[in-house]
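The chain contents come next:
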Amino acid sequence: KVGGLKLTDYAGMDLTVSGPDFSDDPSILASADVILVTVKSLATAEMGQLIAEHAKPDALIISLQNGVGNTATLRAALPNHDVRAGMVPFNVVEVDTAAYHRAMSGDIEVGGGVLPDLNTEHLTWKSVDNIEAVQWGKLLINLGNALNALSGITLYEQLQDRAWRRLIADQIAEALGILKANNITPAKTTVAPPALIPYVLRLPTPLFKRVAAKMLTIDPTARSSMWDDLMKRGVTEIDVLQGVIIELALRSGGPSPINSKASELIKKAEAAGNGPPGLTVQDIDNA
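The sections below set out a description of the structure shown in this document.

About the cut-offs
Residues numbered from 1 in each chain as written. Predicted model: local features only at pLDDT ≥ 70, side-chain atom pairs only at ≥ 80, totals over all residues. Heavy atoms only, no water. Core = buried A, V, L, I, M, F, W, Y, C linked by side-chain atoms within 4.5 Å. Buried < 20%, exposed > 50% of the residue type's maximum accessible area, 1.4 Å probe, protein only. Helix = DSSP H or I, 4+ residues; strand = E, 2+ residues; numbered from the N terminus. Contact = heavy atoms within 4.5 Å. Axes fitted to C-alpha atoms, helices over the stretch in contact; angles between N-to-C directions. Left-handed = near helix turned anticlockwise from the far one by under 90°. Nonpolar A, V, L, I, M, F, W, Y, C, P; charged D, E, K, R; others polar. Phe/Tyr/Trp six-rings, centres within 6.5 Å; stacked < 30°, edge-to-face > 60°. Lys NZ or Arg CZ within 6 Å of the ring centre and 35° of its normal. Pairing = 2+ DSSP bridges. Polar contact = N/O pair within 3.5 Å; in protein donor to acceptor, adjacent residues only side chain to side chain. Salt bridge = Lys/Arg side-chain N within 4 Å of Asp/Glu carboxyl O.

Leu147, Ile266 and Ile284 are the most contacted members of the largest nonpolar core, which totals 41 residues. The element best represented in this core is helix H6 (residues 162-181), accounting for nine residues. The contact partners of Ile284, leaving out residues within four places of it in the chain, are Leu147, Leu150, Trp164, Leu167, Lys261, Leu265 and Leu279. By size, the runner-up hydrophobic cluster in this structure holds 15 residues, among which are Leu64, Val88, Val93 and Val110.

This paragraph deals with the packing of helix H1 (residues 44-54) against helix H2 (residues 70-77). It is the contact of H1 with H2, at a shortest axis distance of 8 Å, that shows an interaxial angle of 35°. Here the hand of the crossing between H1 and H2 comes out right-handed. Contacts between H1 and H2 pair Thr44, Ala45, Gly48, Gln49 and Ala52 from the former with Asn70, Thr73, Leu74 and Ala77 from the latter. Looking at side-chain class alone, the contact of H1 with H2 contains four nonpolar, five polar and no charged residues.

Right, let's talk about the packing of aromatic side chains for a bit. In this structure the tally under the stated criterion is zero aromatic pairs. Above the face of the Phe208 ring, Arg165 is positioned so that its terminal group lies 4.3 Å from the ring centre. Just above the ring of Trp227 sits the side chain of Arg223; from NZ or CZ to the centre is 4.4 Å.

Moving on: the side chain of Asn70. Following the sequence through the fold, Asn70 ends up in helix H2. Of the residues examined, Asn70 reaches a relative accessible area of 6% and is grouped as buried. With residues near it in sequence (within four places) discarded, Asn70 still touches Ser41, Thr44, Ser63 and Gln65.

Of the strand pairs in this sheet, strand E1 (residues 4-9) and strand E2 (residues 14-18) are connected by five bridges, and their pairing is antiparallel. Paired with Leu7 across the strands is Leu15, a residue of E2. Connecting E1 to the next strand, E2, in antiparallel fashion are four residues, including Gly12 with a positive phi near 105°.

Along strand E8 (residues 108-111), one buried face is formed by Ile108 and Val110 and the opposite face, lined by Glu109 and Gly111, is buried too. Where strand E5 (residues 82-87) meets E8, two bridges bridge the pair, whose relative direction is antiparallel. From the neighbouring strand, Gly86 faces E8, where its bridge partner is Val110. Two elements, E8 and strand E9 (residues 125-128), share four bridges in a ladder whose sense is parallel. Looking at the pairing, Glu109 lines up with Lys126 of E9.

A separate point is the side chain of Arg84. Along the chain, Arg84 falls in strand E5. Owing to a relative accessible area of 9%, Arg84 belongs among the buried residues under this scheme. A polar contact of 2.9 Å, which involves the side chain of Arg84, links it to the side chain of Asp82. Sequence-distant contacts of Arg84, defined by excluding residues within four places in its chain, comprise Leu60, Ile61, Ile62, Ser63, Thr71, Arg75, Val110, Gly111, Gly112, Gly113, Val114 and Leu115.

A few words on the pattern of salt bridges. Following the criterion strictly, the structure yields 10 salt bridges and no others. Here Lys40 ties to Asp229 by a salt bridge, and the two come within 3.2 Å at their closest N and O atoms. Here Lys40, found in the loop between strand E3 (34-37) and H1, pairs with Asp229, found in helix H9 (residues 225-231); they are 189 residues apart in sequence, far enough to count as distant. One connected set of salt bridges, linked through shared partners, spans Glu94, Asp228 and Lys232.

Right, here's the structure in full:
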């Protein structure tokens, strides 16, 4: 039991939401009109089964998860439900017990047509037609999660460093080539189209700062969810991010050296159980 949720954001929002009910009893799903699935990808199948057992037939199910395969997993478990894919463009940092800080700008996007009114003063939901392409666009951006987790520094610090930006750019460029070889066209999830993101990242830092300020608002406290997974000594979602790119590369017969190295280093950090390893760009290059 907690008295409420403390919610803050990059723009100065500071709210305490009083009286939310928390439960780990899945029977609570029976009263829900909208169910937002936010579990890690490895738990998607289990969550789909719990929803199938307890939710109303007309409940709307929205996956707000990383990767591109969770909606299909949910639909397999819930063939008679309205299951939709969603994309959350921003990062959320757990700053204390029941206290969360939104550290980036952006609106939540959901596929599948008309949505119930989920908008609030501080959060906008949008219905889009090309949600699969949007998910691929977000996956490209999320490839940076692994490099941030390996670095141990904030996303803001990392993006101020041209060496880190070049490595992130090289990883995204590699993934773009692999997606193209598999006839996958990612949608724009920032102001810049996906194909331009590596070029923007490689700009000299003073110029990058000017361009990036128009693309994304990011709080100095922002870190990737994969960093948080390593901090908690948990299993990461590397297999639904870099793992998907590696699998596509194998399918099309092309290499994926940067994404493969990021995956190997994250799995090594998971196995070590010592948290983010605090690697430098040179450490990664030499690994």
